[in-house]
Amino acid sequence: MTEKWHDPYEELAQLREFGTFTVTSSSVDHGQPIAAVHRSPGQGGSSVSPQLSWTGFPAETKSFAVTQFDPDAPTQSGFWHWSVFNIPASVTSLDENAGAEGGANLPAGARMLRNELGQRAYTGAEPPAGTGTHRYFTVVHAVDVAELEIPEDASPAILGFNLHFHTLARAIIVPTATSEDWK
């Protein structure tokens, strides 16, 4: 049996003429297991957000947002690991641990929403045993406004809703994890 993987971005409306750009990382690789440091403490990690750099985004970009979402979590709505927005358009990378609790390591002006654990931070991968391979869609969104006006207590889904209407282009890298990777 061939497994069909759900791609949550495939179902969104087509982006305007800009489409995609490039994101790279010195911390994670597309399609490869996430290193221990980027996993949750429950899997021997430290919940350190990965380093990200991006290029080739539209000149019309006024800000960026970065999200990490696991559509393979054993829920009907996936699992949001990280949501940052209002990153100034002059910023083209985030260092490792930019997602530290409270946002102290983020660029000035950037805002971070609470993740699924209720923390205003990045939370590392922790796929439950027996749930197979999980994909961590790490997405940089080129946004057409300098600031998205989203309440502090909003969920990452509210950010996603707003990004649907304001994203010019996306860059996506998808590292993976299974519960067996860390043992």
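Every value quoted in this text rests on a predicted model; they were computed, and no experiment measured them. (Residues numbered from 1 in each chain as written. Predicted model: local features only at pLDDT ≥ 70, side-chain atom pairs only at ≥ 80, totals over all residues. Heavy atoms only, no water.)

Draft legend 1. Local environment of the nonpolar core. Within the largest apolar cluster, 23 residues are counted, with the highest numbers of intra-cluster contacts made by F21, W54, V66, W82, I87 and V140. The set of elements that each furnish at least two residues to this core consists of β3 (52–55), β4 (63–70), β5 (79–88), β9 (137–143) and β10 (167–173). Residues in contact with V66, not counting those within four places in the same chain, are L52, W54, W82, S83, V84, I87, L94, V139, V140 and H141. If you look at the next biggest cluster of nonpolar residues, it comprises nine residues, including F85, V143, L148 and L159. (Core = buried A, V, L, I, M, F, W, Y, C linked by side-chain atoms within 4.5 Å. Buried < 20%, exposed > 50% of the residue type's maximum accessible area, 1.4 Å probe, protein only. Helix = DSSP H or I, 4+ residues; strand = E, 2+ residues; numbered from the N terminus. Contact = heavy atoms within 4.5 Å.)

Draft legend 2. Looking closely at the sheet that holds β5. Strand order in the open sheet formed by six strands is β1-β10-β9-β4-β5-β7, and the pairing between neighbours is mixed. At either margin of the open sheet sits one strand with a lone partner, and together these are β1 (19–20) and β7 (111–112). Both β4 and β9 contribute to a ladder of seven bridges, which runs antiparallel. The residue of β9 that forms the bridge with S63 is V143. Helix α1 (residues 156–166) rests against β4, β5, β9 and β10 of the sheet, and its axis sits at about 50 degrees to β5. (Pairing = 2+ DSSP bridges. Axes fitted to C-alpha atoms, helices over the stretch in contact; angles between N-to-C directions.)

Draft legend 3. Structural detail: the pattern of salt bridges. Summed over all chains, the structure comprises three salt bridges. E152 is the partner of R120 in a salt bridge, and the nearest nitrogen-oxygen pair spans 3.6 Å. Of this pair, R120 sits in the loop between β7 and β8 (134–135) while E152 sits in the loop between β9 and α1, and the two are 32 residues apart along the sequence. Judged by its relative accessible area of 15%, R120 is buried. Via salt bridges that share partners, R111, R120 and E152 belong to a single interconnected network. (Salt bridge = Lys/Arg side-chain N within 4 Å of Asp/Glu carboxyl O.)

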